[in-house]
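# Report on the structure
Residues per chain, in single letters:
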Amino acid sequence: MAATQRATAFFLLIVFMQCFTTLADEHSHTYDDSEEVVLWMNTIGPYANRQETYNYFSLHFCQGKKEGINHYHESMAEDLQGIELEFSGLDIHYKRTQSKLQYCTIDNLDKDKLDSFKYAIRNNYWFQAYLDDLPLWGTIGEYDESTKSFYLFTHRRLDIGYAGNRIVDVNMTNENKVKLEPGIAVPFTYEVNWKPSAVKYHDRFDKYLDPSFFQHRIHWFSIFNSFMMVIFLVGLVSMILMRTLRKDYARYSKEEDMDDLERDLGDEYGWKQVHGDVFRAPSRPTLFSALIGCGYQLAVVTVCTIALAIFGDLYTERSSLLAAAIFVYAATSPVNGYFGGSLYARLGGKRWIRQMLISSFFFPSLVCGMAFFLNFIAMYYHVARAIPFLTMLAVAAICLFIILPLNLVGTILGRNLAGQADAPCRVNAVPRPIPEKKWYMEPYVIALLGGILPFGSIFIEMYFIFTSFWAYKIYYVYGFMLLVYVILAVVTICVIIVCAYFLLNAEDYRWQWTSFLAGASTAFYVFLYSYYYFVFKTKMYGLFQTVFYFGYMGVLSMGLGIVCGTFGYAGTNAFVRKIYSTVKID
Ligand SMILES: *[C@@H]1O[C@H](CO)[C@@H](O)[C@H](O)[C@H]1NC(C)=O
């Protein structure tokens, strides 16, 4: 009985996982002799922009004679990333050598086809293919500057290394240039060579990694640097605060001893003055608590996804990182509900259903809205990235039937367990006027400056992340990423606490939004940096690539901003509670 139950549970788990990952036959990665091996053609696109991809066969390449193989299941995450594998039509069998053989011909290279090939060659188009999940890349042709002629590679040589019954190494070489001229017929040939290889199956992805890039001295150095910065900052912040606070406390307790008249005439100043307002609810409490809830969730999602990537070697499986992120996002919805809902209740909000809806859909609608917009553009340009309608439906279903209910659970828990207002000081009925202050003490200036140091601690890592996202590098140093993430959190919290201290000392009690925005401004600098990266580090051009780049970067920055803002708010919140609960208020 228990066994059947376990089997059923296991089966359900598998079915559930099926929604996210692929489990087709070739995923066992073992082959019998002469078993069919499939070469999947994926996409084609300019070398300068890995994210602009078109269907391989949209470029009038011809397909091998072999009819389709078994139905191939694609996962939702692959659809979202625009991975749309198509069978190459090449007849390949395990350990069966194939000498040079013609597999198809482009019969008549009319003007249409010729122009599109020329365009692609001129723009350095690369194609991407998969064989047993191992990625292959190749240029499609060459342009000869001196003779102004275009050449297309028409022979594909596959060298496949095997060990036992597994494929461990694949090289594709493109040979035999054919000069493109109108009206000619272009025959395509292929050959397959099998060689025993000493590569271990578990190491077969190693050759795609680029340690000299990712484990460059600069990378180690920057992490070491940020780490020292953290130690320095934490020391500095705690020292300043300890000393200043001790002085403040001493001053305040001296004032306690003065009689009333003296105190009325005396010059009381500083953060204690705003004790009657400091726990006043911020303006727009609904939006504020939605952002904080969302920030906590995204922070957890980031940690979990990075941890999964560290332990799961996710880069070996197509788009499994995105699938993992979506899965973790859906599963951590209660976190959002809990923190958002409880904060909203503590702020005295009454319309909690509205708050919960905003909280649940804020980030998904941001991402989907951007995806939708980019999708329109992609459709206009016929890019492979266009997301199928069914996938959009699936995403909507996940939002409605998984994220929303889980969020509801979290909200109810949060309101009941942590929803009681428990501020250490009473809030006065009438808000205190905010005194005039120097321009650099204005909340928006503090908010803008707050992000500089946190940005400084992550921008080198950002370079590596951007490079792996927009160029042909596989990011695999997730340990670094996790470390940098922790550093970012610590730096943000320290810096924003100091910012909030200055603000409160200037007797301005609007610390909630200020600390959130000061943290979030890190993302503003990241966005500026992405602009720099776009101009100086990429070779992208044209409306499509520009919109795409800044669309992605905008969403990334928004997410990062929400997370950093939440770090800032959470740290400041703890700090503010601490200092106001220890000072004596009459
Ligand atoms: C693929 O190319 C690399 C580098 O040129 C070589 O070391 C390796 O042996 C090749 N693999 C096969 C299967 O030919």
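Provided above is the structure to which this section pertains.
The structure contained in this document is the topic of the report that follows. Computed from a predicted structure; not experimentally measured. (Residues numbered from 1 in each chain as written. Predicted model: local features only at pLDDT ≥ 70, side-chain atom pairs only at ≥ 80, totals over all residues. Heavy atoms only, no water.)

### Some details on the overall build of the chain
Rule in force here: Comment: elements are numbered from the N terminus, with helices defined as DSSP H or I runs of at least four residues and strands as E runs of at least two. Note on exposure labels: buried denotes an accessible area under 20% of the residue type's maximum, exposed denotes more than 50%, and partly exposed covers the range between, all computed with a 1.4 Å probe on protein chains only. Contact criterion: two residues are considered in contact whenever any of their non-hydrogen atoms come within 4.5 Å of each other. Shrake-Rupley sampling with a 1.4 Å probe provides the accessible areas, and residues are treated as covered by the protein chains on show and by no other component.
For the chain, the helix and strand inventory stands at 16 helices and twelve strands. Burial status across the chain gives 49% buried among its 586 residues. A separation of at least 24 residues holds for 82% of the contacts in the chain among residues at least 6 apart in sequence. In the form shown here, the chain has an accessible surface area of approximately 28,600 Å², with 64% of it arising from carbon and sulfur atoms.

### So, the site of the ligand
Selection rule: We define proximity as follows: a residue is near a molecule or strand when any one of its heavy atoms falls within 4 Å of that partner. Here a polar contact is taken to be a pair of N or O atoms separated by no more than 3.5 Å, where protein atoms must pair a possible hydrogen donor with a possible acceptor and residues adjacent in sequence count only if both atoms sit in side chains. Just so you know the grouping, Ala, Val, Leu, Ile, Met, Phe, Trp, Tyr, Cys and Pro go in nonpolar, Asp, Glu, Lys and Arg go in charged, and all remaining residues, Gly too, go in polar.
Every residue close to the ligand is listed here: Asp159, Ile160, Gly161, Asp169, Asn171 and Lys195. In the environment of the ligand, an oxygen atom lies 2.3 Å from a nitrogen or oxygen atom belonging to the side chain of Asn171. Against a free-state accessible area of 360 Å², the protein chains account for coverage of 46% of the ligand. Only strand S10 (149-163) and strand S11 (166-179) provide two or more residues apiece to the shell around the ligand. Counting residues per element, the shell around the ligand draws most heavily on S10, at three residues. Grouping the amino acids of the shell around the ligand by side-chain chemistry returns one nonpolar, two polar and three charged.

### Notes on the nonpolar core
Our working rule: Think of a nonpolar core as a cluster: buried Ala, Val, Leu, Ile, Met, Phe, Trp, Tyr and Cys residues, connected wherever their side-chain atoms sit within 4.5 Å.
Ranked by internal contacts, the top residues of the largest apolar core, which has 87 residues, are Leu39, Ile92 and Ile167. A per-element tally of this core places helix H16 (residues 542-582) first, with eight residues. Ignoring sequence-local partners within four residues, the contact set of Leu39 consists of Glu86, Phe87, Ser88, Leu90, Ile92, Ala129, Tyr130, Leu131, Leu136, Leu158 and Met172. Judged by nonpolar contacts, the second largest core, of 59 residues, contains Trp271, Cys294, Cys399 and Ala520.

### Describing the state of the cysteines
Among covalent bonds in proteins, the disulfide is the one between the sulfur atoms of two cysteines. Defined as follows: A pair of sulfur atoms, both from cysteines and within 2.5 Å, is called a disulfide here.
Enumeration according to the criterion identifies one disulfide in this entry. A sulfur-sulfur distance of 1.9 Å marks the disulfide that ties Cys62 to Cys104. Between Cys62 and Cys104, the S-S dihedral sits near 65 degrees, and the bridge is therefore right-handed. Of this pair, Cys62 sits in the loop between strand S3 (54-55) and helix H2 (76-80) while Cys104 sits in strand S6 (residues 98-106), and the two are 42 residues apart along the sequence.

### Examining the pattern of salt bridges
Selection rule: Note on definitions: salt bridges are taken to be side-chain nitrogens of Lys or Arg within 4 Å of carboxyl oxygens of Asp or Glu.
Overall, the coordinates contain twelve salt bridges when judged by the stated rule. In this structure, Asp33 and Lys95 form a salt bridge, with 3.7 Å as the shortest nitrogen-oxygen distance. Highlighted residues: Asp33 in the loop between helix H1 (2-20) and strand S1 (36-37) and Lys95 in the loop between strand S5 (92-93) and S6, separated in sequence by 62 residues. Given a relative accessible area of 52%, Asp33 falls into the exposed group. The shortest N-O distance in the salt bridge between Asp159 and Arg157 comes to 3.0 Å.

### What to know about the packing of helix H7 (residues 285-312) against helix H14 (residues 478-505)
The following threshold applies: With axes taken as lines fitted to C-alpha atoms, and helix axes fitted only over the stretch in contact, angles between N-to-C directions fall between 0 and 180 degrees. Between 65 and 115 degrees an angle is taken as roughly perpendicular, under 35 as roughly parallel, over 145 as roughly antiparallel, and anywhere else as oblique. Note: crossing handedness is left-handed where the near helix turns anticlockwise from the far helix by less than a right angle, and right-handed where it turns clockwise.
Their axes nearest at 9 Å, the elements H7 and H14 cross at an angle of 155 degrees. Between H7 and H14, the crossing angle belongs to the class labelled roughly antiparallel. As for how H7 packs across H14, the hand of that crossing is left-handed. Along its contact with H7, which presents Leu298, Ala299, Thr302, Val303, Ile306, Ala309 and Ile310, the element H14 presents Tyr478, Gly479, Met481, Leu482 and Tyr485. Here the residues of the contact of H7 with H14 sort into ten nonpolar, two polar and no charged.

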